[in-house]
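# Secondary and tertiary structure notes
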Amino acid sequence: MANHNFSIEFFPPKTAEGAEKLRVTRAKLSELKPKYFSVTFGAGGSTQRGTLDTVVEILAAGEDAAPHLSCVGGTRESIREILTEFKAHNIKRIVALRGDLPSGYGAAGEFRYANELVEFIRQETGEWFHIEVAAYPEVHPQAKSPQDDLLAFERKVKAGANAAITQYFYNADAYFQFVEQTRKLGIDVPIVAGIMPITNYTQLMRFSDMCGAEIPRWVRLKLASFGDDSASIKAFGLDVVTALCERLLAGGAPGLHFYSMNQAAATTALWQRLVP
């Protein structure tokens, strides 16, 4: 795994207690020596301050970190200010996304799509930032068609993205098929596979309904059959996701991006299985 691009995602804590818990989690996960940590934001950029604070703290600890930047509801001026602040903190890596509209939100702001945000970042800051964008092997839930989704991805890369991180998935074929299609379009940026450890059945179902990630029927039925037996859910989940990661790496995935949910145990367990 050492030569792979392996990274871990956090969300910004909302309370002092949450921040303390995240420090403990991060200290444990730092031992795995990830390439960088990324930090998400709330709908409409609602936790942008918390995102920046968390990233600055990670950088101060000597680790690399990338804030997620959403353009929903943003103006050129507001995004310019954020980019200036990122540069002032010597942040060199960004995950650039359209982001979700917060509920009750009307307009999308001056940027409609992530490719417009990527283009703006490049215009404003040149090559300062390494820009990651999102990819959807199982098709973005709001895309008109798989082909539309693929072309949207192509626009983001042409606008100046360096690499991509996928939405999580449990079907390796969906990933390989997506990568193959992008290569046919002449897109050659690394497409890192997003990995969601399985630790909680109800939570996983809720997330997957929201983001359009498919849970294979056999996995879903097996998880449901365990009821409240969380030890069995975690053990089975670990087997399923380990096998997925092994297949992805063997098939040429350039790396893995773990959605940690601010917990250390599941990502660490996966990592220990993958590292010989």
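Structure's up top.
This write-up is about the structure you can find in this document. (Residues numbered from 1 in each chain as written. Predicted model: local features only at pLDDT ≥ 70, side-chain atom pairs only at ≥ 80, totals over all residues. Heavy atoms only, no water.)

### Remarks on the pairing of strand β5 (residues 130-135)
Put simply, the rule is: With a 1.4 Å probe rolled over the protein chains alone, any residue whose accessible area is under 20% of its type maximum counts as buried; one over 50% counts as exposed, and the rest are partly exposed. Secondary structure elements follow DSSP: runs of H or I no shorter than four residues count as helices, runs of E no shorter than two count as strands, and numbering proceeds from the N terminus. Following DSSP output, two strands are said to pair if at least two bridges run between them.
In terms of residue burial, β5 counts as a mostly covered element, since five of its six residues are buried. Taken together, the three bridges between strand β4 (residues 93-97) and β5 define a ladder with parallel strand orientation. Looking across to β5, one finds that V95 is bridged to E132. Pairing of β5 with strand β6 (residues 163-166), which is carried by four bridges, proceeds in the parallel orientation. By the bridge assignment for β6, V133 is matched with A164.

### Quick word on helix α1 (residues 16-30)
Quick note on the threshold: For a helix, the expected span equals 1.5 Å multiplied by the number of residues minus one. To be clear, the arc concerns the directions from the helix axis to the C-beta atoms. Contacts: residue pairs with any heavy atoms within 4.5 Å of one another.
Here α1 spans 21 Å end to end across 15 residues, near enough to the 21 Å set by a 1.5 Å rise per residue. Three or more residues of α1 are buried, namely A19, L22, T25, R26, L29 and S30. Buried residues of α1 fall within an arc of 130 degrees about the axis and therefore sit on the same side. Within α1, the exposed residues directed more than 90 degrees away from the buried face are A16, E17 and K21. Against the buried residues of α1 lie β1 (5-10), β2 (36-39), α2 (48-60) and α10 (265-274).

### Brief notes about the packing of aromatic side chains
Threshold: A pair of Phe, Tyr and Trp rings is counted when the ring centres sit within 6.5 Å of each other, with Trp represented by its six-membered ring. The angle between the planes then sorts it: under 30 degrees is stacked, over 60 is edge-to-face, the rest tilted. Geometrically, a charge over a ring is one whose NZ (Lys) or CZ (Arg) sits within 6 Å of the ring centre while staying within 35 degrees of the ring normal.
Summed over all chains, the structure comprises twelve aromatic pairs. Both rings, one in F6 and one in F258, keep their centres 5.2 Å apart while their planes meet at 80 degrees; by these two values the pair is edge-to-face. Here F258 lies in strand β8 (residues 255-259) and F6 lies in strand β1, a separation of 252 residues in the sequence. Its relative accessible area of 2% is what places F6 among the buried residues. Over the aromatic face of W128 sits the side chain of K87, whose NZ or CZ is 4.8 Å from the ring centroid. Above the ring of W128, the side-chain terminus of K92 is found at 4.6 Å from the ring centroid.

### Quick look at the side chain of S208
Mapped onto the secondary structure, S208 falls in helix α7 (residues 201-211). Apart from the residues within four sequence positions on either side, S208 is in contact with Y168, A213 and I215.

### Let's talk about the nonpolar core
Heads up, the rule is: Only buried residues count toward a nonpolar core. Its members are Ala, Val, Leu, Ile, Met, Phe, Trp, Tyr and Cys residues joined through side-chain atoms within 4.5 Å.
If you look at the biggest cluster of nonpolar residues, it comprises 82 residues, and the most contacted ones within it are I195 and L248. Broken down by element, this core gets its largest block of residues, nine residues, from helix α9 (residues 230-250). The contacts of I195, once residues within four sequence positions are left out, are Y168, V241, L244, C245, L248, L256, H257, F258, Y259 and L270.

### Topic: the pattern of salt bridges
Stated formally: The term salt bridge refers to a pairing of a side-chain nitrogen on Lys or Arg with a carboxyl oxygen on Asp or Glu at a separation within 4 Å.
Taken as a whole and assessed by the stated rule, the structure comprises 15 salt bridges. For K184, the salt bridge is made with E180, and the minimal N-O distance between the two is 3.6 Å. Residue K184 and its partner E180 are located together in helix α6 (residues 172-184), separated by four residues, close to a single helical turn. Residue classification places K184 among the exposed residues on the basis of a relative accessible area of 67%. For E180, a relative accessible area of 42% corresponds to the partly exposed category. Among the ionic contacts, a cluster of salt bridges with common partners joins E20, R23, R26 and E57.

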